[in-house]
Amino acid sequence: MNPEPRAGRFDGLITPLIRLSRNWISKAGIFIVSAATVFFLFLLPTMLSGSVSHPYLGILIFAVLPLFFLSGLVLIPIGLFVDRRRGGQAILEPRERSWGHPMLRQLVLFIGAATVINIVIFSQLTYRAVHFMDSSTFCGGACHQVMQPEFSAYKNATHSRVDCVQCHIGPGAEWELKAKISGLRQVFKVVFNSYSRPTPAPVHNLRPARDTCEACHWSQKVAMDRLRVIAKYAEDESNSVTKSVILMRIGGGNVKKGIHGAHLAAGVTIRYRPADEKRQTIPWVERSVSGEEPAVYLANGAKMADVEKLAVREMDCIDCHNRPAHNYDMPEAALDRAMVEGRINPALPFAKKAGLEIIKRQFKQDADQEIAAAFVDFYRSKYPAVFDKDRTVVESSAATLRAIYQRNIFPDMKVSWGTYPNNIGHTDSPGCFRCHDDDHKAGKDKTIAQDCSSCHELLATDEKDPKVLADFGYTK
């Protein structure tokens, strides 16, 4: 018997594909799947290396490509069904519907092999898509305008190397699913330009801190006292600097003293009812200690009938550390820190005063250019000798001033100085004083005290050369 010619063998390999594409719908599906597969193979090295850093490229690879691939797969059987309903030719003739016929075996083998290949490709695309959508690049960069303020703050925060999902979602499928459903609503708001400006804070459906923060920060651990040195520059010509030295009493564990001890020690539970969305006004507080009767504190002027209508929240880390990864500065503090670090040279006359006046202005359009130019012009006109001698220093300081503004002000999202209050401390916003104001009373005599020494010890306050620092050998 003569061997089968090459053309016949080749025809046997492609015949199943030809029979699956007898109508234009199935042909379109096969074309789309083929094109998506080619793109997948082309982009495979990039996917495996994990080097996709641009959010829009990631959306193309991990969202658009899988969608095209899946739509192509769906079109193939749809086309076959529609064609058959219209009286088109069946895939197999009656005589071919026996396992002994080579056409049936070829078709089954082709579909089986194609299914395995499609499962491998689609599973990889799906896995990579989920992984990419959990990345900080996607969270902060995909919806650029909406997330620009928070992403900018995140990149400059102490948690900048912690992925967004570790705090906003945490481990487990339940919260992952909740986050993706919530994300779909946010996508629609972005598409229809109906999102809030500024982004509301705090996030009211955020996962409890015990499931996220406490994966790294153990609230029951006893923390030693910590020394803080705060430098403050005056708005005079020499930028006179003073320092405050504070000993922070952290506490924790089983010790019901110090900041963490009073609020988070074993057996201590604090609940409160906020009267506003930002949780800055708190008329009702309940503190429970195991083995004791709960103490309920009511703010002066608050009526229990009105307070009982407010939702109850159990206090956790986020109620004080409300900006752990998205902190914004106030202008005075931002300039003080920049001058301490030398990014704005404190030797420049009136650097603090001039800098503050500039970044507090209301700019109509190109604020970035105007800020740097205004700072440079101040020294060019007021201190020409300084400008001529230290022009590089002036221009570098001007760039830092511009960066401070860019880091904290986002007009398109209506984010300005103080838009997002920080509850740590009580200098720039009420913070601790939301409750510790001597105004919340339980009965006639018991109050939530405003006792400074319970949380910190003031070792020096706005002193030029605090003696305590010299005693400690502090040289900065």
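Keep in mind the model is a prediction, meaning the values are calculated, not measured. (Residues numbered from 1 in each chain as written. Predicted model: local features only at pLDDT ≥ 70, side-chain atom pairs only at ≥ 80, totals over all residues. Heavy atoms only, no water.)

Q: I'd like a description of unusual backbone geometry, backed by residues and values.
A: Between Arg197 and Pro198 the backbone carries a cis peptide bond, its omega angle lying at -5 degrees. With an omega dihedral of 5 degrees, the bond running from Ala201 to Pro202 counts as a cis peptide bond. Summarising the element assignment, Pro202 is placed in the loop between α8 (173-191) and β1 (226-233). In this structure, Asn193 takes a positive phi of about 55 degrees despite not being glycine. Looking at where Asn193 falls in the secondary structure, it is placed in the loop between α8 and β1. (Helix = DSSP H or I, 4+ residues; strand = E, 2+ residues; numbered from the N terminus.)

Q: Tell me about the layout of surface pockets, and please be specific about residues and values.
A: Left-over empty space is what a probe sized like a water molecule reveals as it rolls over the atoms. Its boundaries defined by the atoms lining it, the second largest pocket holds a volume of some 530 Å³. What lines the second largest pocket is a set of 17 residues, among which Val33, Ile76, Phe110, Ala114 and Asn118 lie closest to the centre. Sort the elements by how many residues they give to the lining of the second largest pocket and helix α4 (residues 102-133) lands first, with 7 residues. Residues belonging to the lining of the second largest pocket are distributed by class as follows: 13 nonpolar, 4 polar and no charged. (1 Å grid on protein atoms, 1.4 Å probe; cavity = no way out; pocket = protein on both sides within 12 Å on 5 of 7 lines; lining within 4 Å. Points joined across faces, edges and corners; volume = space filled by probe spheres on them. Nonpolar A, V, L, I, M, F, W, Y, C, P; charged D, E, K, R; others polar.)

Q: How would you explain the packing of helix α11 (residues 331-340) against helix α15 (residues 391-408) if you had to name every residue and give the values?
A: Their axes nearest at 11 Å, the elements α11 and α15 cross at an angle of 140 degrees. Of the two possible hands of crossing, α11 and α15 adopt the one that is right-handed. Mapping the contact onto sequence places Ala334, Leu335 and Ala338 in α11 and Thr400, Leu401 and Ile404 in α15. (Axes fitted to C-alpha atoms, helices over the stretch in contact; angles between N-to-C directions. Left-handed = near helix turned anticlockwise from the far one by under 90°. Contact = heavy atoms within 4.5 Å.)

Q: Kindly report on the packing of aromatic side chains, identifying the contributing residues and their values.
A: A complete count under the given rule lists 8 aromatic pairs for this structure. Centroid distance Phe151 to Tyr154: 5.9 Å. Interplanar angle 15 degrees. Geometry classified as stacked. Of the two residues, Phe151 and Tyr154 are both situated in helix α6 (residues 144-155); the distance of 3 residues between them amounts to about one turn of the helix. A residue is classified by how much of its surface remains accessible, and Tyr154, at 6% relative accessible area, is buried. Aromatic pair Phe378 and Tyr383: ring centres 6.1 Å apart, planes at 50 degrees, arrangement tilted. A cation over an aromatic ring shows up here: Arg273 above the ring of Trp284, its NZ or CZ 4.6 Å from the ring centre. (Phe/Tyr/Trp six-rings, centres within 6.5 Å; stacked < 30°, edge-to-face > 60°. Buried < 20%, exposed > 50% of the residue type's maximum accessible area, 1.4 Å probe, protein only. Lys NZ or Arg CZ within 6 Å of the ring centre and 35° of its normal.)

Q: Describe the sheet that holds strand β2 (residues 241-248), and please don't skip the residues or the numbers.
A: Here we have 3 strands laid out as an open sheet, ordered β1-β2-β9, and antiparallel in their pairing. The sheet is open, and its two borders are formed by β1 and β9 (456-463), each paired with just one other strand. Taking each pair of neighbouring strands and ignoring which way they run, the sheet shows an average axis angle of 10 degrees. Here β2 runs beside β9; their pairing, made up of 5 bridges, is antiparallel. Bridged to Ile246 within β9 is Leu458. (Pairing = 2+ DSSP bridges.)

Q: Would you mind going over a nonpolar patch on the surface in detail, with residue names and values included?
A: Together, Leu184, Val187, Phe188, Val191 and Phe192 line one region of the surface with nonpolar side chains, adding up to about 550 Å² of accessible area. Checked against the element boundaries, Leu184 lands in helix α8. (Patch = residues over 30% accessible without salt bridge, like charges linked within 9 Å, V, L, I, M, F, W, Y side chains within 5 Å. Areas by Shrake-Rupley, 256 points an atom, 1.4 Å probe, with all protein chains shown as cover. Salt bridge = Lys/Arg side-chain N within 4 Å of Asp/Glu carboxyl O.)

Q: Describe the side chain of Asn239, naming the residues involved and giving the relevant values.
A: Mapped onto the fold, Asn239 is located in the loop between β1 and β2. Beyond its immediate stretch of four places on either side in the chain, Asn239 contacts Tyr233, Ala234, Met339, Pro346, Leu348, Pro349, Phe350, Ala351 and Lys352.

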